[in-house]
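Residue-level structure breakdown
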Amino acid sequence: MIADVLIIGTGISGLSFAIKLAECNSEISIVLISKDQVSEGNTKYAQGGIAVVSDFEKDSFQKHIQDTLTAGAGACNPEVVKFVVEEGKDRLKELITWGIQFDKQKRSLHLVKEGGHSEKRVVHYKDHTGLHVQEALINKIKSFQNIQILENHTLVDLITDHHSEKKYNRCYGAYVISKEEESILKISAKITALCTGGAGSLYAHSTNPSIATGDGLGAAYRAKVHMDKLPYVQFHPTALYPKVNENTFLITEAVRGAGAKLRNCSGEYFMKNYDPRKELAPRDIVARAIQKEILKQEENFVFLDCSDITIETWKKQFPNIYTTCASLDIHLPKDLIPVVPAAHYFCGGIEVNSASESRLKGLYAIGECSSTGLHGANRLASNSLLEALVFSHRAALDVINALKSELPDPTFYDALPEWKGDAYSNSVEIKEIRQLRIQLQEIMTHHVGIFKTKEGLMKANLEMFEIYKKVQKIYNQHKLTNGMCELRNMVSIAHLIIQQAQSITTNKGVFYNHDYA
Ligand code: SIN
């Protein structure tokens, strides 16, 4: 298969990037790959919303910039923060002109506050903004003839000079595996965009769906594309405890913005002991405080006391959380919600420029899999959908130009080789893959989570190497499967996180090593 542009991932980044390109030029052929159904992915689970300055009487770009820089703990790129915050307003307008609605109060947008924000500025649709935006974008995508969607296909590897006799020092597309037939398809493309999200599944508790296995990051690693800040994994302070149907369920930070307070199992409101902003301190501070209380009290969770939020607000603003809690016999607002921190967001990733292009020509990374410089050492709440919108717009403008420039001729793309590593017919047992995946998650959770130590990282390094050897052996001797692809990516990214974490000697933002405290 040959395309002008191959987009891997169908969250807000992939979908809005595809729409922009298709709107600009109906002649461009676009292939959009979705690992599951087109609707599955991290965006769908984003409850909070999009941080955008819209009430200029109370708020300003400067305040949003400052909040982002403060949350990022001095590690953001200030130029990037400035343009993202300033361009957010136009991107939001665009979503609204595409017919996407957000909650309103009288005739203005209803704005909420989340941790680290000095003003109410998060626009939202009830407590399922991501799902709402994603559904609308999927509907819009269907109106374009030049976008072909391939569902249930997982990225295996990027096609680069390594696969080609002629060397242009570019990315030429990707090999993907179909989940159903487990056959491997070559998709050659002039431009490839990774919109593959993070790798929350490296941890036992994650707000991400199980398909968030860092496939784009793993493929970029094997293609030797530069990545940075990988150990800056953000833990969301409040995921419901225990899991619901084996999935970790998020309790949006907007609930704390609406007045919910944290209490430990002895009933104490503990956030005052950690930060003057209490429940609305940036996420890293709140997550660490909760984890400390959990360890101190030898419990598995703390509580969110939501008794100050009226039942009307629950039903209107947080209907999804309200009904999920009710189904577990937690009746809001009177009952306490048990919560734990859970792996939520990768602040680092594939290093990109201001148009979202990586250091490998022709390879773009947009959204969570990228490292743009916006988040620094800790992402400000609801800045992720904003980043995805701003960078997919910038990337689309850049790609339109890039397609007009001199590129390898079509015969070169035709001649790229098919996938070569498929000589084996025996598949590895699913049970074995699952066991290795659980072991990997245990190592990451125990040694590479919210709190780290030098000794823990050393142990993690040795244990992860054992898993890596087993995974390599299976990979070298068996037919490739979807589960194997995921595990291969997970082990690569886990290894990279541990290695990079061992070289960080200063605690900043979400990165915390007891030995450097
Ligand atoms: C939340 O709603 O708390 C999550 C939103 C985000 O991660 O920005």
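Since we're looking at a predicted model, the values are computed, not measured.

What counts as what
Residues numbered from 1 in each chain as written. Predicted model: local features only at pLDDT ≥ 70, side-chain atom pairs only at ≥ 80, totals over all residues. Heavy atoms only, no water. Core = buried A, V, L, I, M, F, W, Y, C linked by side-chain atoms within 4.5 Å. Buried < 20%, exposed > 50% of the residue type's maximum accessible area, 1.4 Å probe, protein only. Contact = heavy atoms within 4.5 Å. Near = heavy atom within 4 Å. Polar contact = N/O pair within 3.5 Å; in protein donor to acceptor, adjacent residues only side chain to side chain. Areas by Shrake-Rupley, 256 points an atom, 1.4 Å probe, with all protein chains shown as cover. Nonpolar A, V, L, I, M, F, W, Y, C, P; charged D, E, K, R; others polar. Phe/Tyr/Trp six-rings, centres within 6.5 Å; stacked < 30°, edge-to-face > 60°. Helix = DSSP H or I, 4+ residues; strand = E, 2+ residues; numbered from the N terminus. Lys NZ or Arg CZ within 6 Å of the ring centre and 35° of its normal. Pairing = 2+ DSSP bridges.

Concerning the nonpolar core
Within the largest apolar cluster, 80 residues are counted, with the highest numbers of intra-cluster contacts made by Leu194, Leu202, Phe346, Leu440, Met444 and Ile497. Among all residues touching isoleucine 497, those that are not within four sequence positions of it are Leu202, Leu230, Pro231, Val233, Phe346, Met444 and Val448. Judged by nonpolar contacts, the second largest core, of 52 residues, contains Val5, Ile7, Ile147 and Leu374.

Observations regarding the site of the ligand
Looking at the ligand, the residues that line it are Gln47, Gly48, His236, Thr252, Glu253, Arg283, His344, Arg379, Ala381 and Ser382. Glutamate 253 places a polar main-chain atom, nitrogen or oxygen, 2.8 Å from an oxygen atom of the ligand. Contact distances for the ligand include 2.8 Å between an oxygen atom and a side-chain N or O atom of arginine 379. For the ligand, the accessible surface in isolation is 250 Å², of which the surrounding protein chains cover 96%. In terms of residue class, the shell around the ligand is made up of one nonpolar, six polar and three charged.

With respect to the packing of aromatic side chains
Overall, the coordinates contain 16 aromatic pairs when judged by the stated rule. Relative to phenylalanine 235, the ring of tyrosine 203 lies with its centre 5.3 Å away and its plane at 80 degrees, an arrangement referred to as edge-to-face. Of this pair, tyrosine 203 sits in the loop between strand S11 (184–194) and helix H5 (215–222) while phenylalanine 235 sits in strand S13 (residues 233–240); the two residues are 32 residues apart in sequence, bridging distant segments of the chain. The burial state of tyrosine 203 is the same as that of phenylalanine 235; both residues are buried. Put simply, the rings of Tyr168, Tyr172, Phe412 and Tyr413 pair up and form one aromatic cluster. Stacked on the ring of phenylalanine 83, the Lys or Arg arginine 394 has its end atom at 3.5 Å from the ring centre.

What to know about the environment of histidine 226
Along the chain, histidine 226 falls in the loop between H5 and strand S12 (227–228). Through-space distance from the C-alpha of histidine 226 to that of valine 122 is 32 Å; in sequence the pair is 104 residues apart. Apart from residues no more than four positions distant in its own chain, histidine 226 is found in contact with Gly349, Ile350, Glu351 and Arg359. Side-chain polar atoms of histidine 226 contact the side chain of arginine 359, separated by 3.4 Å.

A closer look at the sheet that holds strand S19 (residues 370–371)
Ordered in space as S12-S17-S19, the three strands form an open sheet in which the pairing is mixed. Each edge of the open sheet is held by one strand with a lone partner, namely S12 and S19. In this structure, strand S17 (residues 349–351) lies alongside S19, joined through two bridges in parallel fashion. Paired with isoleucine 350 across the bridge in S19 is serine 370.

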